[in-house]
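# Secondary and tertiary structure notes
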Amino acid sequence: MIEILRRNLVVKVVSFLFAILFWLFVLNQGTPDKLIPEQTLTIPVVSSGLNQNMVVMTQLPLVRVRVQGINPSANIKDIYAQIDLSGGVPGENTYVVKVNTPPGTNVVDVQPSNIKLTLDTVQEKTVPVQAVLSGNPADDYQAGSPIIKPSAVNVRGPSSILGTLDKVIVEISVTGANETIQVSRPVSFRDKEGNPIFGPNPSMDILSAYPSSVDVIAPVLAKDLSSKMIPLRVTSKGDPASGMELWSLVPSPASIQVTGTLQALKGLDSVNLGPIDISNLTEDKTFQIPINQVSLPAGVTILDGTTLSVIAQIRPGPIQKAISKVPVQIRNIGKDLEIEQPISPIDIVVEGLSDILNNVAADQIQLWVDVSGKEAGNYTGVDVYWQLPPGVKMLTKPQVDYSLKAHLEEGAE
């Protein structure tokens, strides 16, 4: 046994000493954050004070910092570099790097001490969503035009990028599909060459969209069928409540995709919804339209997943108002004529929405008769011209009588 222990004794002793040194090295590596009296550190730069409506378009660099001094309780993590962007303006500018150190530790040198950064304003923009289909459907099937809901999203990001962004992308695979695909997918941002758009820090999003995902219906049809986008038309029946009127009927979506043979689709120019019953409505109402209630030609079907609705917009109807004693002017009277006596003010009836008409008074209405080319004499039942405030119309057809006489020079008998 002793002989076995004595074999390769030198090698065993050296190995043992090496193991002790390695263990001490590992222990030392386990506490790398402790400061020593003088050392040079490479640390990241952080920004502060940046206005929420601005963004940094430059990657923040690392800086080399040489520090002196010792603080037994300090840690390397207590040292950091920052730039104050509270006064930052759009464009490229130089900013001073400030290094924060714990008490007892001094900064001897910072490289670089100033850095150039580009700032940009943050804006919002509404852009359309474009679906990009990849792959091929199953044999004897074909992909139709996709439907996207919503068809546009609001994008927030740097103005320099938004200025060139004309769409966002949603990607759908139709590989091996033999039926229509309905999925929800996040939108992605691509430049005009189709490359992803990244900010100065690729790990952080420079653009954001609301909503961030959209619903996509990707039609997959038999090859003997075709698809077509058809506008919707809406009719109504009944009347709104007293004092109200139907302002508009708005279908959603404005058009739908239908499928069928080329012959069946050839003469189909629109699809009618309704009639929608608006009887006694006092406010806007949304009607959900079941697909099985839509009348279509034989051999034509609406794409699976389509939902239909109609918004009936109701508003107060027009009211009438009588306005008394509105003055009537004489215009374009000849220089040798004069009115025998002023035309008396007249009463009129006008119509308009209550919020407009309630504030209309006689002094806001102009009435006149045009006597150009007239000679001296009596005129009866003469039509009156008018100018009314916007949103107001004349219900009556005012007429007046007047007399013209020759103008007498002063002193003439």
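Values in this document were obtained by computation on a predicted structure and should not be read as measured data.

### Quick notes on the side chain of Ser 403
Structurally, Ser 403 can be placed in strand 32 (residues 399-406). In contact with Ser 403, other than residues within four places in its own chain, are Glu 338, Ile 339, Glu 340, Gly 377 and Asn 378.

### As for the environment of Ser 173
Assignment of secondary structure puts Ser 173 in strand 12 (residues 168-173). Taking relative accessible area as the criterion, Ser 173 reaches 45% and is therefore assigned partly exposed. For the pair Ser 173 and Ala 218, spaced 45 residues apart in the sequence, the C-alpha separation amounts to 9.1 Å. Discounting residues that sit within four places of it in the chain, Ser 173 has contacts with Ser 134 and Ile 181. Separated by 3.2 Å, the side chains of Ser 173 and Thr 175 make a polar contact.

### Points about the sheet that holds strand 20 (residues 271-277)
An order of 20-17-19-22 is seen for the four strands of this open sheet, with the pairing classed as mixed. The sheet is open, and its two edges are formed by strand 20 and strand 22 (301-302), each paired on a single side. Relative to strand 19 (residues 255-260), strand 17 (residues 226-237) is paired through six bridges, and the arrangement is antiparallel. The partner of Ser 226 across the bridge, within strand 19, is Gly 260.

### Side note on the nonpolar core
Across soluble globular proteins, nonpolar side chains show a tendency to be buried alongside one another. Val 129, Val 153, Val 155, Val 168, Phe 189, Leu 207 and Val 214 are the most contacted members of the largest nonpolar core, which has 28 residues in total. Sorting the residues of this core by element identifies strand 8 (114-134), strand 11 (152-158), helix 3 (159-162), strand 12, strand 13 (181-186) and strand 15 (213-218) as the ones contributing at least two each. Here the element with the most residues in this core is strand 8; it accounts for four residues. Residues Ile 348, Leu 357, Val 392 and Val 400 belong to the second largest nonpolar core, which totals 23 residues.

The rules behind these values
- Residues numbered from 1 in each chain as written.
- Predicted model: local features only at pLDDT ≥ 70, side-chain atom pairs only at ≥ 80, totals over all residues.
- Heavy atoms only, no water.
- Helix = DSSP H or I, 4+ residues; strand = E, 2+ residues; numbered from the N terminus.
- Contact = heavy atoms within 4.5 Å.
- Buried < 20%, exposed > 50% of the residue type's maximum accessible area, 1.4 Å probe, protein only.
- Polar contact = N/O pair within 3.5 Å; in protein donor to acceptor, adjacent residues only side chain to side chain.
- Pairing = 2+ DSSP bridges.
- Core = buried A, V, L, I, M, F, W, Y, C linked by side-chain atoms within 4.5 Å.

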